[in-house]
Amino acid sequence: MVNFWQLTQNELKKIYIQKATWVMYILLIVILFGAALITITSDFITRDYNEDTWREELQEENNKLTKEMQEEAIFQEYNTGLIEQNNYYLEHDIMPPGYGAWQYVHENIILVSLISLFTIIVAAGIVANEFKWGTIKLLLIRPSSRVKILLSKYVAVILFALLTLLFLIAFSWLIGALFFGVDGLNPHMVMEKNNGLAYVSIIKEVLVGYGFKMVNLIMMATFAFMISSIFRSSALAIGIAVFLMLAGNSIVMFFAEHSWAKFILFANTDLSQYVNGNEPFMEGMSLTFSIIILLIYYAFFAISSWIVFVKRDVAGS
Amino acid sequence: MVVLSQSNFNNRFKGRYLLDNTAMKLINLKKSIGKKQIIKGLEFEIKSGEVFGFLGPNGAGKTTTIRMMVGLMRITEGDVVIQGKSIKHHYKEAIREVGAIVENPEMYPFMTGLQNLNHFARMIPGISKERVQEVISLVGLEKAIKQKVNKYSLGMRQRLGIAQALLHKPSVLILDEPTNGLDPAGIREIRQYIRRLATEENVAVIISSHLLSEIELMCDRIAVIKNGELVAIQSVSPIADDIEELVCRVQLEAKPANKAISIMKEEFGMDGDFDRGLIHFHCQRELIPNVIQSFVKNDISIYRVEVSKATLEDKFFDLIGENTIG
Ligand SMILES: Nc1ncnc2c1ncn2[C@@H]1O[C@H](COP(=O)(O)OP(=O)(O)O)[C@@H](O)[C@H]1O
Ligand SMILES: [Mg+2]
């Protein structure tokens, strides 16, 4: 029995030794710096409040926001939200937090989509490239079963996603701390929750937010992995998976009138539709429903990769 | 091109006195892809300490056979038994005995030679750092081992491929066209490792090639395949008792020649060619007197008989057709 961890370690090494992987990380760093620079140069979002005068400052901010949305209708919704938040602080007499490292991390939840893209690229290559390089032959003539080798590759993909996600969080925090300062160990802020606005821990929000995004990430990575091991082509796997990731919501919307639309994968990948007072996408959907649908898709992806990889001949290159 | 070297002799000696030294056995091995049968019932054995040539023109089915030997391709019918273990039923136990290069010595191009070897070493339990260094020096790659493989020449990649195949001290080494793209010096070098492995470590080595001239010097026996079928197995080095089975090349001046040729055909099933006044044919040494006797009985005058040992090349020409050896 070869230690499963040895195989996984091999796969991780191969991922991180490639230049393409480092390009991904460099891109992420550049984006995090860029976004921080943009944030710090745009005026009042990032300001810290004064302990004595914060009530007046909030009031002034509200006036500004109201004036802005009277002039430009598109700001209506966004600004109303901000005004409601400010009012919550005033009513509960809580001094609003400044903009700090954790807020920056929270805003970068959107970058999880970029990590999904990176993970798709890695998942798409991890089986197909071995065929392209011809190394699959050397990989498979070892005393490990094909299932074990396939599984070690899959686990390496998931570990890559987790490590990159941790990197995103850690680096966002560092850059956030550098640009905006650290705002206490466990900063709180007012956010829209199940029962209207509430004063919540930002760190908890960060974890929950990244967690919800992970669902889509893992589903798409597993999908790309399946295409990679069935068709042995990374370009095809990247193409289809990225297309579906981008078009997923439109596909769901397009079929929204049909009752079977709720069975489409992408109708179920955003589990945050069931929290924070949001409405589920369609009637008859619930958290349990979505989890069952996700598990069915997941099992289908995993089993198809497995059967094809284990059964098929490794013939001419 | 008949070679009688000390190492060949040692192998044969060992081979004769060990009890069961079959390292690998092919049993009625068949492979069909779609409706097409590519391998049509191969059956032979390879002994420990033997260098076994697997010769055939391009497309004969050498790589397909090797892919089945190492479990990369499913066996349609028959079996491959390695050190007594079936690759079909006891894959892990059987593959543990095997080191191989299949088709091309492909490695991860973005990693160094050493990183590649460490990668494969991690896949098999019990390979020490020292063993990795040992195989590196065995193939003489010490200087280049820290370079990326995409900088390697084909010869260096072949050597790295062999190093990879030897990491776990396999008792069966399978090399698919290891001489492909190598210059004569490179081929000589490979020949030296392979002979050393067979004689000193008693490894059974299987070498495929489409070029007789490149492998005959390193093999003890050669199996010739064509269109997925075994057409001959031939010892390369004839030692006393092998001479009986040896095929000879005979040139005969006889009159009338056409009558002689038809008698050969009818009575012995041999094809003779008539060229520049001589009848040319191949036959086993022990049959030569019988052929001459029947000529005499049939009133054919014999003026001259010349017998020479048929070289492997002659035989290969006969079996495969001319344009396939280089
Ligand atoms: N995957 C495949 N599908 C169909 N035919 C194949 C496949 N692989 C090999 N063949 C055919 O099998 C025959 C043997 O090929 P191969 O084993 O590569 O020969 P060799 O290694 O002796 O050159 C060839 O005729 C080839 O066309
Ligand atoms: Mg071949």
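Each chain carries its own residue numbering, running from 1 in the written order of its sequence. The naming scheme follows written order: chains are lettered A onward, ligands numbered 1 onward. Local features in a predicted model are, by the rule used here, given only for residues with pLDDT of at least 70; side-chain atom pairs are given and counted only at 80 or more, and totals for whole chains, interfaces and linings are based on all residues. Each side-chain value is derived from all of the structure's non-hydrogen atoms; neither hydrogens nor water enter the calculation.

As annotated in an unreviewed UniProt entry, chain B carries the name ABC transporter ATP-binding protein and comes from Ornithinibacillus bavariensis. UniProt positions are given in the numbering used here, feature names are shortened, and annotations may be inferred rather than shown by experiment. According to UniProt, the comment filed for chain B under the heading Sequence similarities (unreviewed entry) is "Belongs to the ABC transporter superfamily."

An unreviewed UniProt entry annotates chain A as ABC transporter permease subunit originating from Ornithinibacillus bavariensis.

Engineer: How should the overall build of chain B be read in this particular structure?
Structural biologist: Elements are defined by DSSP. Helices are runs of H or I of four residues or more, strands are runs of E of two residues or more, and each kind is numbered from the N terminus. Across its full length, chain B holds 11 helices and 14 strands. Taking as baseline every contact in chain B between residues at least 6 positions apart, the subset at least 24 positions apart corresponds to 70%. Carbon and sulfur atoms make up 49% of the accessible area of chain B, which amounts to about 15,100 Å² in all. Should any heavy atoms of two residues lie within 4.5 Å, those residues are counted as being in contact. Residue exposure ignores everything except the shown protein chains as possible cover, and the areas themselves are Shrake-Rupley values with a 1.4 Å probe.

Engineer: What's the story with the site of ligand 1 in this structure? I'm lost.
Structural biologist: By nearness alone, every residue bordering ligand 1 is listed as A315 of chain A together with I33, K36, I38, P57, N58, G59, A60, G61, K62, T63 and T64 of chain B. Chains contributing residues near ligand 1 are chains A and B. A distance of 2.8 Å separates an oxygen atom of ligand 1 from a polar atom in the backbone of K62 of chain B. Contact with the protein chains hides 65% of the accessible area of ligand 1, taken as 570 Å² for the molecule alone. Every element with two or more residues in the shell around ligand 1 is listed here: β2 (36–47) and α2 (62–69) of chain B. Among the elements that take part in the shell around ligand 1, α2 of chain B stands out by supplying three residues, more than any other. Following the grouping adopted for this structure description, the nonpolar residues are Ala, Val, Leu, Ile, Met, Phe, Trp, Tyr, Cys and Pro, the charged ones are Asp, Glu, Lys and Arg, and the polar ones are all others, Gly among them. Here the residues of the shell around ligand 1 are counted per class, giving five nonpolar, five polar and two charged. Any residue with a heavy atom lying within 4 Å of a molecule or strand is counted as near it. Polar contact is the term for a pair of N or O atoms within 3.5 Å; when the atoms are in protein, one must be able to donate a hydrogen and the other to accept it, and sequence-neighboring residues count only if both atoms are side-chain atoms.

Engineer: When you look at a nonpolar patch on the surface in this model, what are you seeing that I'm missing?
Structural biologist: All names here are of chain A. What makes a patch is a set of residues exposed beyond 30% relative accessible area and free of salt bridges, joined within 9 Å when like-charged and within 5 Å when nonpolar (Val, Leu, Ile, Met, Phe, Trp, Tyr). Salt bridge, as used here, is a side-chain nitrogen of Lys or Arg placed within 4 Å of a carboxyl oxygen of Asp or Glu. A contiguous nonpolar patch, built from V147, I303, W306 and I307 and spanning about 350 Å² of accessible area, is present on the exposed surface. Considering each element in turn, the nonpolar patch owes the most residues, three residues, to helix α12 (residues 287–311). As for its position among the elements, W306 is in helix α12. According to the relative accessible area criterion, W306 is partly exposed, its value standing at 41%. Only protein chains enter the calculation, and the probe is 1.4 Å; a residue is then buried if its accessible area is under 20% of its type maximum, exposed if over 50%, and partly exposed in between.

Engineer: Explanation requested: helix α3 (residues 54–71) of chain A in the structure shown.
Structural biologist: Think of an α-helix as turning once every 3.6 residues; residues three or four places apart then point the same way. All names here are of chain A. Take the number of residues in a helix, subtract one, and multiply by 1.5 Å to get its expected span. Here α3 contains 18 residues, and its C-alpha end-to-end distance of 26 Å stays within 8% of the 26 Å for a straight helix at 1.5 Å per residue. Buried residues of α3: W54, E57, L58, E61, N62, L65 and M69, and no others. Summarising the axial view, the buried residues of α3 lie within an arc of 140 degrees, below the 170-degree limit, and thus occupy one face. Turned more than 90 degrees from where α3 packs its buried face, E60, K67, Q70 and E71 sit exposed. In this structure, the buried residues of α3 make contact with α4 (76–92). Regarding the arc, it is the one traced by the directions from the helix axis to the C-beta atoms.

Engineer: Would you mind going over the sheet that holds strand β3 (residues 51–55) of chain B with me for this structure?
Structural biologist: By definition, the strands of a sheet pair up through backbone hydrogen bonds, in either a parallel or an antiparallel sense. Residue and element names in this part refer to chain B. One open sheet accounts for six strands, arranged β6-β7-β8-β3-β9-β10; its pairing is mixed. Pairing within the sheet leaves two strands with one partner each, and these edge strands are β6 (98–101) and β10 (229–235). The average angle at which neighbouring strand axes cross in this sheet is 15 degrees, direction not considered. Sheet topology places β3 next to strand β8 (residues 204–209); five bridges connect them, and they run parallel. Within β8, the position partnered with L55 by the bridge is S209. Angles shown run from 0 to 180 degrees and are taken between the N-to-C directions of axes, each axis being a line fitted to C-alpha atoms and, for helices, limited to the stretch in contact. Helix α6 (residues 154–166) contacts β6 and β7 (172–176) of the sheet and is inclined by roughly 165 degrees relative to β6. If DSSP finds at least two bridges between two strands, the strands pair.

Engineer: Help me understand the UniProt feature "transmembrane region" (unreviewed entry) in chain A in this model?
Structural biologist: UniProt annotation of "transmembrane region" (unreviewed entry) refers to residues 20–40, 109–133, 154–182, 202–227, 234–256 and 287–309 of chain A when read in the numbering used here. Taken end to end, residues 287–309 of chain A comprises 100% helix and 0% strand; its first and last C-alpha atoms sit 33 Å apart.

Engineer: It is not clear to me how the sheet that holds strand β1 (residues 22–33) of chain B should be interpreted in this structure. Could you clarify?
Structural biologist: Residues and elements named next belong to chain B. Pairing is antiparallel in the open sheet, where four strands are placed in the order β2-β1-β4-β5. Bordering the open sheet on either side are β2 and β5 (85–86), each of which pairs with just one other strand. Relative to β2, β1 runs antiparallel, the two sharing nine bridges. Paired with K30 across the bridge in β2 is K40. Sitting on the sheet, α2 touches β1, β2 and β4 (77–82), and the angle it makes with β1 is about 115 degrees.

Engineer: Looking at this structure, how should I read the confidence of the model for chain A?
Structural biologist: Regions with low pLDDT should not have their predicted coordinates read in detail. With 96% of its residues at a pLDDT of at least 70, chain A reaches an overall mean of 87. By mean pLDDT, the top-scoring element of chain A is helix α1 (residues 4–17) of chain A (96), and the lowest-scoring one is strand β1 (residues 188–193) of chain A (74). Every residue gets a pLDDT, meaning the predictor's confidence in that residue, from 0 to 100.

Engineer: Explain the interface of chain A and chain B to me, please; I cannot follow it from the model alone.
Structural biologist: By a widespread convention, an interface's size corresponds to the accessible area lost as its parts come together. Taken residue by residue, the interface counts 33 residues in chain A and 30 residues in chain B. Summed over both partners, the accessible area (1.4 Å probe) lost when two parts come together is defined as the buried area. Across the interface of chain A and chain B, roughly 3,000 Å² is buried in total on both sides, 58% from carbon and sulfur atoms. For chain A, the biggest contributors to the area lost against chain B are I141, R142 and P143 of chain A; these three give 23% of the whole. Linking chain A with chain B are two salt bridges. Between E106 of chain B and K137 of chain A there is a salt bridge, with its nearest N and O atoms 2.8 Å apart.

Engineer: Looking at this model, I keep getting lost on unusual backbone geometry. Mind explaining?
Structural biologist: As a rule of thumb, non-glycine residues mostly have phi less than zero, and peptide bonds are mostly trans rather than cis. All names here are of chain B. Residue P256 follows K255 across a cis peptide bond; omega there is -5 degrees. Mapped onto the elements, P256 comes out in the loop between β11 (247–255) and α9 (257–268). Despite not being glycine, E103 shows a phi value in the positive range, around 70 degrees. With respect to the helices and strands, E103 occurs in the loop between β6 and α4 (113–121). We classify E103 as partly exposed; its relative accessible area is 25%. Residues other than glycine seldom take positive phi values, yet N227 does so here, at roughly 45 degrees. Relative to the helices and strands, N227 resides in the loop between β9 (221–226) and β10.

Engineer: In this structure, what is going on with the packing of aromatic side chains? I would like to understand it.
Structural biologist: The relation between two aromatic rings is expressed through the spacing of the ring centres and the mutual angle of the planes. When two rings of Phe, Tyr or Trp (its six-membered ring) have centres within 6.5 Å they constitute a pair, described as stacked for plane angles under 30 degrees, edge-to-face for angles over 60, and tilted for the intermediate range. Counting across every chain of the model gives 25 aromatic pairs over all chains. Residues Y16 of chain A and F160 of chain A carry aromatic rings whose centres are separated by 5.9 Å and whose planes lie at 45 degrees to one another, so their mutual orientation is tilted. Here the residue Y16 of chain A occupies a position in helix α1, and F160 of chain A occupies one in helix α8 (residues 146–180), the gap between them amounting to 144 residues. Pair check on accessibility: Y16 of chain A and F160 of chain A agree, each one buried. For the cation-ring pair, K255 of chain B lies above Y303 of chain B, with the distance from its terminal atom to the ring centre recorded as 5.3 Å. A ring is scored as having a charge over it whenever the NZ atom of a lysine or the CZ atom of an arginine sits within 6 Å of its centre and within 35 degrees of its normal.

Engineer: Sorry if this is basic, but what is going on with the side chain of D79 of chain B here?
Structural biologist: Residues and elements named next belong to chain B. Of note, D79 is situated in strand β4. In this count, Lys and Arg are taken as positive residues and Asp and Glu as negative ones, while His and the chain termini are left out. One buried charged residue, D79, remains without a salt bridge, the closest side chain of opposite sign being K88 at 5.0 Å. Within the structure, the side chain of D79 is placed 2.8 Å from the side chain of S86, a separation counted as a polar contact. Residues within four places of D79 in sequence aside, it is in contact with K25, L26, I27, L29, S86, I87, K88 and H89.

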